[in-house]
Amino acid sequence: MRDGIVSLLSSIFDIIVAILEVVIIGFIAISLYKTVIPLSVGDLELALENFLLVLILLEMYELLSLYLKEHHVSMRRIAELGIMAIVRKIMIEKIYDPLQLLGFAAVIFVLGWIYVNLRREY
C-alpha cells in the first residue's frame, strides 16, 4: 500500500516537473525576444540583464531535466544557479547600500565554497 502511494506521488511530481519544463521553455522564448529588442535600440545593459535571465532559465530547465532522468539534483548546480541569480539581482537593482552588498558577498562566498568543495568530491 505504502509503495503504491509513493509511486503515485512520484508520478504526479514527475508530471508537474514536466509541465514546469514546458513553462520554462516559454519563458526562455519570451526572454530571448526581450534580449534582441534592446540590442536593436542600443540598450546593452537591458540586453545583458535579459541574457542573464535566459541563462538562469536554461540552468533551471537543465536541473528539471536532470531530475526527471535521475531523480537527483546536484547541489553544485544549485550553487551555480544561486550565484547567477544574485549577480543578476545586483545588476538590475544597482544596490549601493554597503550592508546589502556585504550580505550578497557573504552569500556568494558561501555558494562558491559549496561549489568548490563539492567539485572536489565528484
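Refer to the preceding data block for the structure.
Now for a description of the structure that goes with this document.

Definitions and cut-offs
- Residues numbered from 1 in each chain as written.
- Predicted model: local features only at pLDDT ≥ 70, side-chain atom pairs only at ≥ 80, totals over all residues.
- Heavy atoms only, no water.
- Axes fitted to C-alpha atoms, helices over the stretch in contact; angles between N-to-C directions.
- Helix = DSSP H or I, 4+ residues; strand = E, 2+ residues; numbered from the N terminus.
- Parallel < 35°, antiparallel > 145°, perpendicular 65-115°, else oblique.
- Left-handed = near helix turned anticlockwise from the far one by under 90°.
- Contact = heavy atoms within 4.5 Å.
- Nonpolar A, V, L, I, M, F, W, Y, C, P; charged D, E, K, R; others polar.
- Salt bridge = Lys/Arg side-chain N within 4 Å of Asp/Glu carboxyl O.
- Buried < 20%, exposed > 50% of the residue type's maximum accessible area, 1.4 Å probe, protein only.
- Expected span 1.5 Å × (residues − 1).
- Patch = residues over 30% accessible without salt bridge, like charges linked within 9 Å, V, L, I, M, F, W, Y side chains within 5 Å.
- Areas by Shrake-Rupley, 256 points an atom, 1.4 Å probe, with all protein chains shown as cover.
- Phe/Tyr/Trp six-rings, centres within 6.5 Å; stacked < 30°, edge-to-face > 60°.

Examining the packing of helix H2 (residues 44–70) against helix H3 (residues 75–93)
Link 1 in the chain: Axis separation between H2 and H3 bottoms out at 10 Å; the angle between their running directions is 160 degrees. In this view, H2 runs roughly antiparallel relative to H3, as classed from their interaxial angle. Here H2 runs over H3; the crossing is left-handed. Two secondary-structure elements touch here, H2 through Glu45, Leu48, Glu49, Leu52, Leu53, Leu55, Ile56, Glu59, Met60, Glu62, Leu63 and Leu66 and H3 through Arg77, Ile78, Glu80, Leu81, Met84, Ala85, Arg88, Met91 and Ile92.
Link 2 in the chain: Grouping the constituent residues of the contact of H2 with H3 by class yields 14 nonpolar, no polar and seven charged.

Digging into the pattern of salt bridges
Link 1 in the chain: Evaluated as defined, the whole model comprises two salt bridges.
Link 2 in the chain: Between Glu93 and Lys89 there is a salt bridge, with its nearest N and O atoms 3.0 Å apart. Taken together, the residues span about one helical turn, with Glu93 and Lys89 both in helix H3 at a distance of four residues.
Link 3 in the chain: Of the residues examined, Glu93 reaches a relative accessible area of 47% and is grouped as partly exposed.

Comments concerning H2
Link 1 in the chain: For H2, spanning 27 residues, the distance from its first C-alpha to its last is 39 Å, which sits close to the expected 39 Å at 1.5 Å a residue.
Link 2 in the chain: Considered for burial, the residues of H2 that qualify are Ala47, Glu49, Asn50, Leu52, Val54, Ile56, Leu57, Glu59, Leu63, Leu64, Ser65 and Leu66.
Link 3 in the chain: Immediately beyond the C-terminal end of H2, within one or two residues, lies His71, with a positive phi of roughly 55 degrees.

Comments concerning a nonpolar patch on the surface
Link 1 in the chain: Together, Met1, Ile5, Leu8, Leu9, Ile12, Ile16 and Leu20 give the surface a local cluster of nonpolar side chains, amounting to about 720 Å² of exposed area.
Link 2 in the chain: Among the structural elements, Leu9 can be located in helix H1 (residues 2–41).

Quick notes on the packing of aromatic side chains
Link 1 in the chain: Enumeration according to the criterion identifies one aromatic pair in this entry.
Link 2 in the chain: With a centroid separation of 5.4 Å and 90 degrees between ring planes, the pair formed by Phe13 and Tyr67 is classed as edge-to-face. Here Phe13, found in helix H1, pairs with Tyr67, found in helix H2; they are 54 residues apart in sequence, far enough to count as distant.
Link 3 in the chain: On the accessibility criterion, Phe13 (41% relative accessible area) is partly exposed.

Take it as geometry only, folks, not as evidence of what the structure does.
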